[in-house]
Amino acid sequence: MQIFVNGTPRQTTATTLAAALADLGYAEARVATAVNENFVPAAARASHTLAEGDRLEILAPRQGG
């Protein structure tokens, strides 16, 4: 199915947010996630199902100033 990751179209066979993050190389990363502009906490990623056309935003913390 096609989803959008940070605005870029991507093809995936993942059906959950956790599986999609693993496919994208973020399995062990400390990131914040939102699907269709709704925050999804880390504890809910394994049960959060994805659908065709979902918009996934992945945000990583930054340091500096």
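Structure: see above.
K.L.:
It is not clear to me how the nonpolar core should be interpreted in this structure. Could you clarify?
P.N.:
Soluble globular proteins tend to bury their nonpolar side chains together. In this structure, Ile3, Val5, Ala14, Leu17, Ala20, Leu21, Val31, Val35, Val40, Leu50, Leu56 and Ile58 together form the largest nonpolar core, which totals 12 residues. Residue assignment for this core shows that the elements contributing at least two residues are strand E1 (2–5), helix H1 (17–23) and strand E5 (55–59). Of the residues forming this core, the biggest block, three residues, is contributed by H1. Sequence-distant contacts of Val35, defined by excluding residues within four places in its chain, comprise Leu17, Val40, His48, Leu50, Asp54, Arg55 and Leu56.

K.L.:
Please clarify how unusual backbone geometry should be interpreted in this entry.
P.N.:
Most peptide bonds take the trans form, and the phi angle of most residues other than glycine is negative. Phi is positive for Asn6, which is not a glycine, with a value near 50 degrees. By the secondary structure assignment, Asn6 is in the loop between E1 and strand E2 (8–11). A positive phi is found at Glu37, a non-glycine position, where the angle reads about 70 degrees.

K.L.:
It is not clear to me how the sheet that holds E2 should be interpreted in this structure. Could you clarify?
P.N.:
What links the strands of a sheet is backbone hydrogen bonding, and the strands pair in either a parallel or an antiparallel sense. The strand order across the open sheet built from five strands is E2-E1-E5-E3-E4, with neighbouring strands paired in mixed fashion. Single-partner strands in this sheet number two, and they are E2 and strand E4 (38–40). On average, each strand axis in the sheet is tilted by 35 degrees relative to the strand beside it, whichever way the strands run. Here four bridges tie strand E3 (residues 32–35) to E5, and the two strands are oriented antiparallel to one another. From the neighbouring strand, Ala34 faces E5, where its bridge partner is Glu57.

K.L.:
Where do I start with the environment of Leu24 in this structure?
P.N.:
Considering the arrangement of structural elements, one finds Leu24 in the loop between H1 and E3. Residue class for Leu24 comes out partly exposed when judged on its relative accessible area of 22%. Along the primary structure Leu24 and Glu37 are separated by 13 residues, whereas in three dimensions their C-alpha atoms are 19 Å apart. Excluding residues that lie within four positions of it along the chain, Leu24 makes contacts with Val5, Arg10, Leu56 and Ile58.

Quick notes on the rules
Residues numbered from 1 in each chain as written. Predicted model: local features only at pLDDT ≥ 70, side-chain atom pairs only at ≥ 80, totals over all residues. Heavy atoms only, no water. Core = buried A, V, L, I, M, F, W, Y, C linked by side-chain atoms within 4.5 Å. Buried < 20%, exposed > 50% of the residue type's maximum accessible area, 1.4 Å probe, protein only. Helix = DSSP H or I, 4+ residues; strand = E, 2+ residues; numbered from the N terminus. Contact = heavy atoms within 4.5 Å. Pairing = 2+ DSSP bridges. Axes fitted to C-alpha atoms, helices over the stretch in contact; angles between N-to-C directions.

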